[in-house]
Amino acid sequence: MFSQLSKSISDPAFLIALFVGIAVFATLFTLIPAFSGNSLKGRMKSVALERDELRAKQRARLAAESEQRRKGLREQESLGMRSIVDRLDLRRALVDEKTIAKLRLAGFRGNNPLTKFLFFRLVLPFVGLALAGGYVFLLGGLPQQPFFMKIFVCIAVGYAGFYAPVLYVSNRATKRKQSIQKAWPDALDLMLICVESGMTTEAAMRRVADEIGAQSVELAEEFVLTNAELSFLQERRQAYENLAARTGLDSVKSVAQALIQAERYGTPVAHALRVLSSESRDMRMNEAEKKAAALPPKLTVPMILFFLPVLFCVILGPAGIQISERGLFGDKQQSSSN
């Protein structure tokens, strides 16, 4: 067997056939991938096509949602309110820069909240006057008061109805500022961490908005709106100034000015954010200390009215019971001796 194998290996015809077969196999192995094409390019092309298709679907969905949102806002805005406000020209009579600033501080943006604000300032005085007049004159309220006093009460209720929307907006703005002020130092710390990790300002604001929403929804909304303004406004400085104007806080104004100077002169943002974050935390601690220092005077009257009488009863009650018992026993002993 080995002799036959050695003879076949040493045969020139067998060797030629073997080398030809190897050459044909190598040629086919080399040429087949060239004819079949690049699989990586094909896969990348399919991924790019799929990505473009998904992007087109996403854009179509966002466009449909925005259009539906615009329609919803148009439907929410009552045509009757708007027609009355435009017909009486209440914008010129009752609206100024301070009114728009208060509405912005309260979180109301756009024409729809302004229209409702003016409409209720027009309607509520008549509603209050009608309710007060019905209670006083029809239901017999304030029977012991003279006629002029009843008229004065009706006018006062109507006047209160005229200023009720202003008080509501002021109260809403105050609560919103307090919520933003409490969460602002934590938001600055998160932004500092994001900036030091290499994120841009837009990415840092987006990340902080996602994280700070559990603590302050108003601050998260402001960060999202500022991030959107940084994307489409021509000057980034205007977006930071709008953030400071919408919040109305000095600490936010300081951060906005620091960001504007950092982008204008190329100074590091992280150092400014670190200093401002420390200052914001000190301001929050000072506010807490002020409230703690103002607590004893506020508790004086409740302690005098509610705590001290109970304390006197607890302390002097047993002594009074003992004195009454001793007096009763003394009277019994005197009567028995007699």
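Structural data are supplied above this passage.
Presented here is an overview of the structure given in this document. (Residues numbered from 1 in each chain as written. Predicted model: local features only at pLDDT ≥ 70, side-chain atom pairs only at ≥ 80, totals over all residues. Heavy atoms only, no water.)

1. Points about the pattern of salt bridges
Moving on, step 1. Summed over all chains, the structure comprises 15 salt bridges.
Moving on, step 2. Between Arg-91 and Asp-86 there is a salt bridge, with its nearest N and O atoms 3.8 Å apart.
Moving on, step 3. Between Arg-246 and Glu-229 there is a salt bridge; the shortest N-O distance is 3.2 Å. Taken together, the residues Arg-246 in helix α11 (residues 236-247) and Glu-229 in helix α10 (residues 217-232) connect sequence positions 17 residues apart. In this structure, Arg-246 and Glu-229 share a single accessibility class: buried.
Moving on, step 4. Within the structure, one salt-bridge network assembled from shared partners comprises Arg-109, Arg-176, Glu-221, Glu-222, Glu-229 and Arg-246. (Salt bridge = Lys/Arg side-chain N within 4 Å of Asp/Glu carboxyl O. Helix = DSSP H or I, 4+ residues; strand = E, 2+ residues; numbered from the N terminus. Buried < 20%, exposed > 50% of the residue type's maximum accessible area, 1.4 Å probe, protein only.)

2. Things to note about the nonpolar core
Moving on, step 1. By size, the foremost hydrophobic cluster in this structure holds 31 residues, and its most contacted members are Leu-219 and Phe-223.
Moving on, step 2. Of all elements in the fold, only α8 (147-196), α9 (201-212), α10, α11, α12 (250-265) and α13 (269-293) reach the threshold of two or more residues within this core.
Moving on, step 3. Top element by residues in this core is α8. It accounts for eight residues.
Moving on, step 4. Contacts of Leu-219, omitting those with residues within four sequence positions, involve Ile-180, Ala-183, Trp-184, Ala-187 and Ile-212. (Core = buried A, V, L, I, M, F, W, Y, C linked by side-chain atoms within 4.5 Å. Contact = heavy atoms within 4.5 Å.)

3. Details of the environment of Met-199
Moving on, step 1. Tracing the backbone shows Met-199 in the loop between α8 and α9.
Moving on, step 2. Contacts of Met-199, omitting those with residues within four sequence positions, involve Cys-194 and Ala-204.

4. Observations regarding the environment of Met-205
Moving on, step 1. Mapped onto the fold, Met-205 is located in helix α9.
Moving on, step 2. Looking at Met-205, the relative accessible area reads 1%, which means it is buried.
Moving on, step 3. Residues Met-205 and Thr-226, spaced 21 residues apart in sequence, show a C-alpha to C-alpha distance of 8.2 Å.
Moving on, step 4. Not counting chain neighbours up to four residues away, the residues in contact with Met-205 comprise Met-191, Phe-223, Thr-226, Leu-230, Tyr-240 and Leu-259.

5. Focus on helix α7 (residues 111-138)
Moving on, step 1. The end-to-end C-alpha distance of α7, which contains 28 residues, comes to 39 Å, matching closely the 40 Å that a straight helix rising 1.5 Å per residue would cover.
Moving on, step 2. The largest bend along α7 reaches roughly 30 degrees and is located at Val-123, with the proline Pro-125 sitting one to four residues downstream.
Moving on, step 3. At the exit of α7 stands Gly-140, carrying a positive phi of roughly 80 degrees. (Expected span 1.5 Å × (residues − 1). Bend = angle between axes of the 7 residues up to and from the residue.)

6. Some points on the packing of aromatic side chains
Moving on, step 1. According to the stated counting rule, one finds six aromatic pairs in the structure shown.
Moving on, step 2. On the basis of an interplanar angle of 55 degrees and a centroid distance of 5.9 Å, the ring pair of Phe-137 and Phe-147 is categorised as tilted. Of this pair, Phe-137 sits in helix α7 while Phe-147 sits in helix α8, and the two are ten residues apart along the sequence.
Moving on, step 3. You can call Phe-137 partly exposed: its relative accessible area is 39%.
Moving on, step 4. When the centroid spacing of 6.1 Å and the interplanar angle of 75 degrees are considered together, the rings of Phe-147 and Phe-148 count as edge-to-face. Neither Phe-147 nor Phe-148 differs from the other in exposure class; each is exposed.
Moving on, step 5. Three or more aromatic residues joined by ring pairs make a cluster, and in this case those are Phe-137, Phe-147 and Phe-148.
Moving on, step 6. One cation-aromatic arrangement involves Arg-121 over Phe-162; the distance from NZ or CZ to the ring centre is 4.1 Å.
Moving on, step 7. One residue, Arg-121, lies across the ring of Tyr-163, its end atom 5.5 Å from the ring centre. (Phe/Tyr/Trp six-rings, centres within 6.5 Å; stacked < 30°, edge-to-face > 60°. Lys NZ or Arg CZ within 6 Å of the ring centre and 35° of its normal.)

7. Some words on α8
Within an α-helix, residues lying three or four positions from one another point in the same direction, as the helix has 3.6 residues per turn.
Moving on, step 1. With 50 residues, α8 should cover 74 Å at 1.5 Å per step; its first-to-last C-alpha distance of 72 Å lies within 8% of that length.
Moving on, step 2. Taking the largest bend as the criterion, α8 deviates by roughly 40 degrees, centred on Trp-184, and proline Pro-185 comes between one and four positions later.
Moving on, step 3. Downstream of α8 by a residue or two, Gly-198 has a phi angle that is positive, lying close to 110 degrees.

8. Here's the deal with a nonpolar patch on the surface
Moving on, step 1. On the surface, Tyr-135, Phe-137, Leu-138, Leu-139, Phe-147, Phe-148, Ile-151 and Ile-155 cluster together to form a nonpolar patch covering roughly 970 Å² of accessible area.
Moving on, step 2. Among the elements of the structure, α7 and α8 are those that each provide at least two residues to the nonpolar patch.
Moving on, step 3. In terms of residue count, the dominant contributor to the nonpolar patch is α8 (four residues).
Moving on, step 4. Here Leu-138 lies in helix α7.
Moving on, step 5. Residue classification places Leu-138 among the exposed positions, given a relative accessible area of 74%. (Patch = residues over 30% accessible without salt bridge, like charges linked within 9 Å, V, L, I, M, F, W, Y side chains within 5 Å. Areas by Shrake-Rupley, 256 points an atom, 1.4 Å probe, with all protein chains shown as cover.)

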